[in-house]
Amino acid sequence: MCKRTFFSGLVIFFIAAFSAFSAFPEEEIVSLNDINVLSGKSALLMDVKSYENIVYEAFIAIDSPEEELHPPAYINVYEDGLLKKSLRLDVEGFLSGELCEDYSHYDHLRIFPLGKDDFIISVYSAYSDNRLGIYRIKGNEIIYGKGYNLKGLRAYENQKYCYDGKDRIYISFMGQTDFSKTGWDTYILVFDLQCNLTQAAAVYTKDNDEILGIEAFENNIYFHLSPLSWKQQCIVQLDKKFRVKKTICNYYDKSTIRGWSLSSNEEYLFVETYIQNDPSTYISKYDSEGNFLGTYKISYKDSDKNIFTGKLFYGQEGLTVLVKRQSSENFWNNEVVKEIDRFTYFMDWDGKIHNQYSFSKGNNLNNSFAAKYDDKYLCFDFYNHKSTGIGKVLYNFSVEGKKSGCDWVSVEKVPVDFLSAPEHPAAYNSYQKLNSAWMDKIMVKKITIPELKFNVELHQVKLEYVHARPDDRKITDKIPHVPFSDR
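Residues numbered from 1 in each chain as written. Predicted model: local features only at pLDDT ≥ 70, side-chain atom pairs only at ≥ 80, totals over all residues. Heavy atoms only, no water.

Account for the confidence of the model for the chain, with residues named and values stated.
Summary statistics for the chain give a mean pLDDT of 85 and a share of 88% for residues scoring 70 or more. Here helix α1 (residues 3-17) stands out as the least confident element of the chain, with mean pLDDT 36; strand β31 (residues 456-461) is the most confident, with 98. Residue range residues 1-26 is modelled with pLDDT below 50. Its contacts to residues more than four positions away, or to other chains, number 82 contacts. (pLDDT = per-residue confidence, 0-100. Helix = DSSP H or I, 4+ residues; strand = E, 2+ residues; numbered from the N terminus. Contact = heavy atoms within 4.5 Å.)

What follows is the structure, encoded as structure tokens:
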């Protein structure tokens, strides 16, 4: 699979997914006192998660180019927006090679918060190393930990993760055992909170399969699958024993639906639906069994001129959206970090907008990840200092939500279930035929994953953060650089 092609497809997918606006209320500039930059290391951000007022940040970082292939992993723990402590995790033989890229091809690190100062981290090392480590860390100790050998599955670069909110963590990835028979396949591994592997299965077809998403809660697993072309997507509903309950298919050439994106909280499944030639965002809500509860159509001003992407935070009262806006002309420009505007708003489940906040226009600040606690946000990203000989500057900044008018975004509740069969007879027959084909071709096979022991060390460290812009010379002159790999 071509890595560049895959990433380009992903970008196009998100372009179709979101829209933008150009009429902004007054913005507040993020001050230097709010920007925290990691000094003296080249670092690549991997994951950010929150639990109540605690935020966990996972990244890989190096002190010198010699560490580039085997970087240590770091976990920062924030409380009420302030850095509380930093942990360094050294996994013997962990391979990356990602610091020489503009972005990461692999989700090497994933955090699953279980409580305050209690979380699970997975360390995924794919293709050349083919293994997985999963560790529960409480306080400053690894209280449970296991390693697994993925060489027999040739684990590759597309991974998806979820936590059911109770007692199971799901890790899915692409791999293959025999290209001539089934091409790329997808695998699901299930772990308990003591890091034991409780289930492992291949969920696959005879086509080249790609995993686009996975969510699990209550008694069901929702597994989003597609051939590599994304021409034919399917959401597969499984029970907790991996038995197929139903399939929900979509075929681009015969549907206006461009695709889906899955997410969930402990109560509901949320499905974002992307429509061809429609800049609106559609978010549908379902209960754990997949029963339709409603759809929200979110629209923005001047969406034909701008592109906007965002992160969604689902709560009991409603939905908070933290987004960034870029002009269509500058989206493909490598220097677009200077052309990004950010804003946030809160929408209750009746579809009413309550508050909005815009910030940091033109400040070399981007938000790849964000975590929400109370009415505040921590935004995280890294800045590529050079295009040849890359040094990555890791930084974060905080913003606080503010109430004000919001006339550039509108929400409408619409009675449209994008996961239901079409009503038109001809379209219905085509849908049923395709859905039956998916049911017939999806196979589930139990597999075994051998354990693999390797040395792991964890200790608390002190990282140097300073108040500066990420492109400040006093920062960029000190960070290690690695050769740029133009794949």
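I'd love a proper account of the pattern of salt bridges, names of residues and values included.
Per the counting criterion, the structure on display carries 17 salt bridges. The closest approach of N and O atoms between K85 and D117, which form a salt bridge, is 2.9 Å. Remark: D117 occurs in the loop between β6 (109-115) and β7 (118-125) and K85 occurs in strand β5 (residues 82-91); sequence separation between them is 32 residues. K166 is the salt-bridge partner of E218, the closest N and O atoms lying 4.0 Å from each other. Of the two residues, E218 is situated in the loop between β14 (209-217) and β15 (220-227) and K166 in the loop between β10 (159-163) and β11 (169-175); the sequence distance between them amounts to 52 residues. Judged by relative accessible area, which is 37%, E218 ranks as partly exposed. Among the residues examined, K166 registers a relative accessible area of 55% and is labelled exposed. Where salt bridges share partners, they join D47, K49, D107 and R110 into one cluster. (Salt bridge = Lys/Arg side-chain N within 4 Å of Asp/Glu carboxyl O. Buried < 20%, exposed > 50% of the residue type's maximum accessible area, 1.4 Å probe, protein only.)

An account of the nonpolar core is requested, with residue identities and associated values reported.
Of all hydrophobic cores here, the largest spans 64 residues; its most connected members are I188 and F223. Not counting residues within four places of it along the chain, the set of residues in contact with F223 comprises S172, T186, I188, V203, I211, G213, I214, C234, I235, V236 and L238. (Core = buried A, V, L, I, M, F, W, Y, C linked by side-chain atoms within 4.5 Å.)

Go over unusual backbone geometry with me, naming the residues and quoting the values.
The backbone of R154 sits at a positive phi, close to 45 degrees, despite the residue not being glycine. Note on placement: R154 falls in the loop between β9 (141-149) and β10. Judged by relative accessible area, which is 46%, R154 ranks as partly exposed. One non-glycine residue with positive phi stands out, namely E218, at about 55 degrees.

Describe the sheet that holds strand β28 (residues 392-400), listing the residues and the values that go with them.
Through backbone hydrogen bonds, the strands of a sheet pair up, either in parallel or in antiparallel fashion. Sheet architecture is open: five strands sit in the order β26-β27-β28-β1-β32, paired in antiparallel fashion. Each edge of the open sheet carries a strand with a single partner, namely β26 (369-373) and β32 (465-467). Put simply, the sheet's adjacent strands are angled 25 degrees from each other on average, direction ignored. Relative to β32, strand β1 (residues 35-38) is paired through three bridges, and the arrangement is antiparallel. If you follow L38 over to β32, its bridge partner there is Y465. (Pairing = 2+ DSSP bridges. Axes fitted to C-alpha atoms, helices over the stretch in contact; angles between N-to-C directions.)

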